[in-house]
Amino acid sequence: MTGLGAVFRPQLPPERLRALARLADETGLEELWLWEDCFREGGISSAAAALAWTERVRIGVGLLPVPLRNVAITAMEAATLHRMFPGRAVLGVGHGVQDWMGQVGARAESPLTLLREHLLALRALLAGERVTTRGRYVSLDDVALDWPPDGPVEVLTGATGPRTLRLAGEAADGTVLTAATPPEGVRRARRLIDEGREKAGRTDPHRVVVYLLTATGPGAAARLRAELIDEGVADVPDLGVAGDADAVAKAVQRLADGGADTVVLQPTADEPDPEGFVRFAAREVRPLVS
């Protein structure tokens, strides 16, 4: 069955998270995803709070920008969440928006090299390994976590370009695709991910998570169109969906047919009723998604 989630967008103030996380938990939504967009809300702190406020919903963070973090800190924080809330934290790392990384003096000359080194070290640390490595960006000397996760955990990465998608298949356990990815883009991403998996000799599962820009209720079509224009992707066919639960479920299915394992409904930045959006996803769309 295709997984379904929704996004808590960081355009909302942090104090709104508690009510929305609890609502997602109570309505049976499978996953609630958070973003660490500069310079809004911290991903780990928000995830920890959301997990503590809830009982069953999985909390995803997509993404944690690796230029901002020493990999040991990423591993320590991730392991802490996995031990305190087993099976409920879903963490993804990525390049980060390069302009934002430049604003804070963290822009890497080779984002791909940094991401590769970070992923390899992070997965090794979370697997309980003792790591010594001397990379271009990641340097660890006999580092091991005192409290690694009790079992295997997935590390996802965000990817758009061909090289990063191949790297995702090679070095991550799953991939997060942006809402600018139509069904055909998911198929293309799957092919590139599989190329990386084949290169690395990997046969383990690889989850693909795709955001779907979604608008429902009064003015839905206009709100969707305005956001697509603002993001510069208004001319991309079959991107986003506006309408009722049936229309949204069909759009989810198209992404699933393209290779998505989980589709996360992303409200527009000006969504007038975030609580209503969560209820809509859980109570109206979920029953229609197979």
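Residues numbered from 1 in each chain as written. Predicted model: local features only at pLDDT ≥ 70, side-chain atom pairs only at ≥ 80, totals over all residues. Heavy atoms only, no water.

Thoughts on the side chain of Thr214
Rules: Think of it this way: any DSSP run of H or I at least four residues long counts as a helix, any run of E at least two long counts as a strand, and we number them from the N terminus. The cut-offs for exposure are 20% and 50% of the maximum accessible area for each residue type, with area from a 1.4 Å probe on protein chains only; residues under the lower value are buried, those over the upper are exposed, and the others partly exposed. Any N or O atom pair separated by 3.5 Å or less is treated as a polar contact, with the protein-specific requirement of one donor-capable and one acceptor-capable atom, and with residues adjacent in sequence counted only for side-chain atom pairs.
Within the secondary structure, Thr214 is located in strand S9 (residues 207-215). In this structure Thr214 comes out as buried when scored by relative accessible area, which is 0%. A polar contact of 2.8 Å, which involves the side chain of Thr214, links it to the backbone oxygen of Leu212.

Some words on the layout of surface pockets
To keep it simple, the criterion reads: Method remark: on a 1 Å grid restricted to protein atoms, a set of points is classed as a cavity if a 1.4 Å probe fits but cannot get out and as a pocket if it is open with protein on both sides within 12 Å along at least five of seven lines; lining residues have an atom within 4 Å of a point. Grid points are joined across faces, edges and corners, and a volume is the space filled by probe spheres set on the points. Throughout, the ten residues Ala, Val, Leu, Ile, Met, Phe, Trp, Tyr, Cys and Pro are labelled nonpolar, Asp, Glu, Lys and Arg are labelled charged, and all others, Gly among them, are labelled polar.
Its boundaries defined by the atoms lining it, the largest pocket holds a volume of some 930 Å³. In terms of lining, the largest pocket is formed by 32 residues, of which the most central are Trp35, Asp37, Val97, Thr178 and Tyr211. For the lining of the largest pocket, the secondary structure elements donating two or more residues are strand S3 (58-65), S9 and helix H8 (220-230). For the lining of the largest pocket, the element with the most residues is S3, which contributes four residues. Split into classes, the residues belonging to the lining of the largest pocket amount to 15 nonpolar, eleven polar and six charged.

With respect to the packing of helix H5 (residues 111-126) against helix H6 (residues 162-171)
Just so we agree on the cut-off: The axes are straight lines fitted to the C-alpha atoms, using for helices just the contacting stretch, and the angles between their N-to-C directions are given from 0 to 180°. Oblique is the label for every angle not falling under 35 degrees (roughly parallel), over 145 degrees (roughly antiparallel), or within 65 to 115 degrees (roughly perpendicular). By the definition used in this description, the sense in which the near helix is turned from the far one sets the handedness, with an anticlockwise turn below a right angle giving left-handed and a clockwise turn giving right-handed. Every residue pair with non-hydrogen atoms within 4.5 Å of one another is taken to be in contact.
At a closest axis distance of 11 Å, the pairing of H5 and H6 adopts a crossing angle of 15 degrees. With respect to each other, H5 and H6 are oriented roughly parallel. With respect to the hand of their crossing, H5 and H6 are arranged in right-handed fashion. Each of Leu112, Leu115, Arg116, Leu119, Leu120 and Arg123 in H5 lies in contact with H6, whose residues at this interface are Arg163, Thr164, Leu167, Glu170 and Ala171. The residue inventory of the contact of H5 with H6, partitioned by class, reads six nonpolar, one polar and four charged.

Let's talk about the pattern of salt bridges
In a structure, side chains of opposite charge can pair up when their charged atoms sit close to one another. Using the following cut-off: Salt bridges, as used here, are contacts in which a Lys or Arg side-chain nitrogen is within 4 Å of a carboxyl oxygen on Asp or Glu.
Counted according to the given criterion, the structure contains 27 salt bridges. In this structure, the salt-bridge partner of Arg130 is Asp142, at a minimum N-O distance of 3.5 Å. With Arg130 in the loop between H5 and strand S5 (131-134) and Asp142 in strand S6 (residues 139-143), this pair connects stretches of sequence that are twelve residues apart. Classification of Arg130 by relative accessible area gives exposed; the value is 56%. For Asp142, a relative accessible area of 45% puts it in the partly exposed group.

Concerning helix H3 (residues 71-84)
Condition: In a helix, the anticipated span is given by 1.5 Å times the number of residues less one.
With 14 residues, H3 should cover 20 Å at 1.5 Å per step; its first-to-last C-alpha distance of 20 Å lies within 8% of that length. For H3, the set of buried residues is Val71, Ala72, Thr74, Ala75, Ala78, Ala79, Leu81 and His82. Against helix H2 (43-53), strand S4 (89-94), H5 and S6 lie the buried residues of H3. Residue Asn70 occupies the N-cap position of H3, its side-chain oxygen lying 2.8 Å from the main-chain nitrogen of Ala72.

Examining the pairing of strand S11 (residues 262-267)
In plain terms, the rule: When DSSP finds at least two bridges between two strands, those strands are taken to pair.
Burial of S11 is extensive: six of the six residues sit out of reach of the surface. Every second residue of S11 is oriented toward a common face, with Thr262, Val264 and Gln266 on one face and Val263, Leu265 and Pro267 on the other, all of them buried. Taken together, the four bridges between strand S1 (residues 3-8) and S11 define a ladder with parallel strand orientation. For Gly5, the partnering residue across the bridge sits in S11 and is Val264. When S9 meets S11, the two strands line up parallel, connected through six bridges. Bridging from a neighbouring strand, Thr214 pairs with Pro267 of S11.

Regarding the environment of Thr54
Along the chain, Thr54 turns up in the loop between H2 and S3. Taking the relative accessible area as the measure of exposure, Thr54 reaches 4% and is therefore buried. Through-space distance from the C-alpha of Thr54 to that of Ala171 is 31 Å; in sequence the pair is 117 residues apart. Beyond its immediate chain neighbours, meaning those up to four positions away, Thr54 contacts Ala21, Arg22, Asp25 and Arg88. Polar side-chain contacts of Thr54 include one of 2.7 Å to the backbone oxygen of Ala50. Within the structure, the side chain of Thr54 is placed 2.4 Å from the side chain of Arg88, a separation counted as a polar contact.

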